[in-house]
Amino acid sequence: MSDTDFENAPPVSCDALVVGAGPAGLMAADEMSRAGLRVVIAEAKPSPARKFLMAGKSGLNLTKNEDLDAFIAAYDPCPPAMKEALRSFGPQDAIAWAEALGQEMFTGSTGRVFPKGMKASPLLRAWLSKLDAQGVTSRRNWRLTRIEDGYSFETPEGARRLAPIVTVLALGGASWARLGSNGQWQDMIENVGVVAPFRASNVGVRLSWSPHMEKFFGTAVKNISLSAGAYASRGEMVISRKGLEGGGVYSVSRGFRDGAALVVDLMPDWDEARLKQALKRRKSKETTANFLRKTLRLPPEKIGLLMEFARPLPDDLAPVLKALTIGDAQPAPLDEAISTAGGVSFDALTSELAFKVRPNLFAAGEMLDWDAPTGGYLITGCLATGRIAGRGAISAFARASQGG
């Protein structure tokens, strides 16, 4: 049978279809298969959860062990449906879920939660084995091409069409395209939901450095505070050939992405009054660099940043040491971001994450329009929305089976 024949043939029926095998899609499949639905997962890549595995290469930060209200505040502004998803599956639920899959978890000094073995692969293997035991069918290298009367896929065996009773889309955001999140699904759902433009999140800064900064490439700038608009962070950053990277920068990227200035406090443990007093001790013939190094114990990389962004240096250095503005800070390209904001608007969805105009079609994970910092919030958000969508699909399947 040719591809054209398959396209013209009636689609193959199934109880439930999940498109996308990241954390959100796998969680939706888990919920539905445990309820007895025959679930098919269609994944465009040769293997599942590639971005999840990449996130866990240096240690899988599953969640953040903190008070639930504080946890939810990290998603601000948090749509009501997202807030309810997190209340029903928060940090403690994520920990219990991973432990039920045989993974011993621990909480680090900052509250971040990791598997004892650190890696994502053991958790994923245990999860996939569970799904297999629950009868879930996986189809890999199946790329969704159309959503009309059924769901059309490009597969290694040619074109295929499925006609599920309920469907959960977990197609990812628009960063790390090589791992599967490319945002190319937007046109396929334009008739069922509003899609907000994608924006980079948890992203580095792109800068054009002066030649004197080359010697600092790869250097970590430690013990600093950063701010951009309403967002602030205490931590560190790395000077790279392209600009600035690191957790401190990523934490405030929502601010400079939206136009706020990126500001660095190079001496967060000193207040401005103490600095002013120290600056009075500078000898008349002493160079600025020597004074900063000897008296203030400022390391070379911080002096380099000061020279890069505060020239000509003012007579009163205290304000710029406490609030050095990083000029012309631009977010890195979308595909280099750890995550993205934008996607399917919650206004187009019910509280169960079903499309209002198509009640048997659900959306979950990074394809939804929510935003959060790194630190365990992203993965927990995907798991929580996948769980809500999966449970909503179970209810929709029951209604459809009863002729409702």
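First, a word on what this report is: a plain description of the structure on this page. What you see is a predicted model, and the numbers here were worked out from it, not measured in a lab. (Residues numbered from 1 in each chain as written. Predicted model: local features only at pLDDT ≥ 70, side-chain atom pairs only at ≥ 80, totals over all residues. Heavy atoms only, no water.)

Let's talk about empty space enclosed by the protein
- Per the counting criterion, the structure on display carries two cavities of 30 Å³ or more.
- Reported here for the largest cavity is a volume of approximately 60 Å³.
- Lining the largest cavity are Ala 21, Leu 26, Ile 41, Glu 43, Pro 48, Leu 128, Ser 138, Arg 139 and Arg 140.
- Where the lining of the largest cavity is concerned, the elements lending two or more residues are strand E2 (39–43) and strand E6 (137–140).
- Top contributing element to the lining of the largest cavity by residue count: E6, with three residues.
- Of the residues assigned to the lining of the largest cavity, the class counts are five nonpolar, one polar and three charged.
- As a volume, the second largest cavity reaches approximately 30 Å³.
- Ser 339, Thr 340, Glu 366, Leu 368, Trp 370, Asp 371, Ala 372 and Leu 378 are the residues that line the second largest cavity.
- Across the lining of the second largest cavity, the residue classes tally to four nonpolar, two polar and two charged. (1 Å grid on protein atoms, 1.4 Å probe; cavity = no way out; pocket = protein on both sides within 12 Å on 5 of 7 lines; lining within 4 Å. Points joined across faces, edges and corners; volume = space filled by probe spheres on them. Helix = DSSP H or I, 4+ residues; strand = E, 2+ residues; numbered from the N terminus. Nonpolar A, V, L, I, M, F, W, Y, C, P; charged D, E, K, R; others polar.)

Thoughts on the packing of helix H5 (residues 80–88) against helix H14 (residues 377–401)
- Two numbers describe how H5 lies on H14: the axes approach to 9 Å, and their chain directions differ by 95°. Here H5 is positioned roughly perpendicular relative to H14, judged by the angle of their axes. Of H14, the residues touching H5 (which contributes Met 82, Ala 85, Leu 86 and Ser 88) are Gly 381, Ala 384, Thr 385, Arg 387 and Ile 388.
- Tallied by class, the residues present in the contact of H5 with H14 amount to five nonpolar, three polar and one charged. (Axes fitted to C-alpha atoms, helices over the stretch in contact; angles between N-to-C directions. Parallel < 35°, antiparallel > 145°, perpendicular 65-115°, else oblique. Contact = heavy atoms within 4.5 Å.)

As for the packing of aromatic side chains
- Counted according to the given criterion, the structure contains nine aromatic pairs.
- With 5.8 Å between their ring centres and 90° between their planes, Trp 185 and Phe 198 make a pair best called edge-to-face. In this pair, Trp 185 is assigned in the loop between strand E9 (158–169) and strand E10 (195–201) and Phe 198 in strand E10, connecting sequence segments 13 residues apart.
- Judged by relative accessible area, Trp 185 falls into the buried class, the value being 3%.
- A relative accessible area of 14% places Phe 198 in the buried class.
- Counting every residue linked through ring pairs, the aromatic cluster contains Phe 71, Tyr 75, Trp 370 and Tyr 377.
- Over the aromatic face of Trp 270 sits the side chain of Arg 274, whose NZ or CZ is 3.7 Å from the ring centroid. (Phe/Tyr/Trp six-rings, centres within 6.5 Å; stacked < 30°, edge-to-face > 60°. Buried < 20%, exposed > 50% of the residue type's maximum accessible area, 1.4 Å probe, protein only. Lys NZ or Arg CZ within 6 Å of the ring centre and 35° of its normal.)

Quick look at the sheet that holds strand E11 (residues 205–206)
- The seven strands are arranged E16-E15-E12-E13-E14-E11-E17 in an open sheet whose pairing can be described as antiparallel. Across the chains shown, the open sheet's two edge strands, defined by having one partner strand only, are strand E16 (324–326) and strand E17 (330–331).
- The sheet contact formed by strand E15 (residues 262–265) and E16 spans three bridges and is antiparallel. Across the sheet, Val 263 pairs through a bridge with Thr 325, a residue of E16. (Pairing = 2+ DSSP bridges.)

Quick notes on the pattern of salt bridges
- A complete count under the given rule lists 21 salt bridges for this structure.
- The salt bridge involving Glu 245 is made with Arg 206; its shortest N-O contact spans 2.8 Å. Here Arg 206 lies in strand E11 and Glu 245 lies in strand E14 (residues 243–245), a separation of 39 residues in the sequence. In this structure, Glu 245 and Arg 206 share a single accessibility class: buried. (Salt bridge = Lys/Arg side-chain N within 4 Å of Asp/Glu carboxyl O.)

Some thoughts on the nonpolar core
- Core analysis: the biggest nonpolar cluster contains 85 residues, and Met 32, Tyr 75 and Trp 97 have the highest contact counts within it.
- When residues in this core are grouped by element, the largest group, eleven residues, is from H14.
- With near-sequence residues (within four places) excluded, Trp 97 lies in contact with Met 27, Asp 30, Leu 62, Phe 89, Leu 123, Trp 127 and Leu 383.
- If you look at the next biggest cluster of nonpolar residues, it comprises 43 residues, including Val 203, Val 205, Ile 224 and Leu 298. (Core = buried A, V, L, I, M, F, W, Y, C linked by side-chain atoms within 4.5 Å.)

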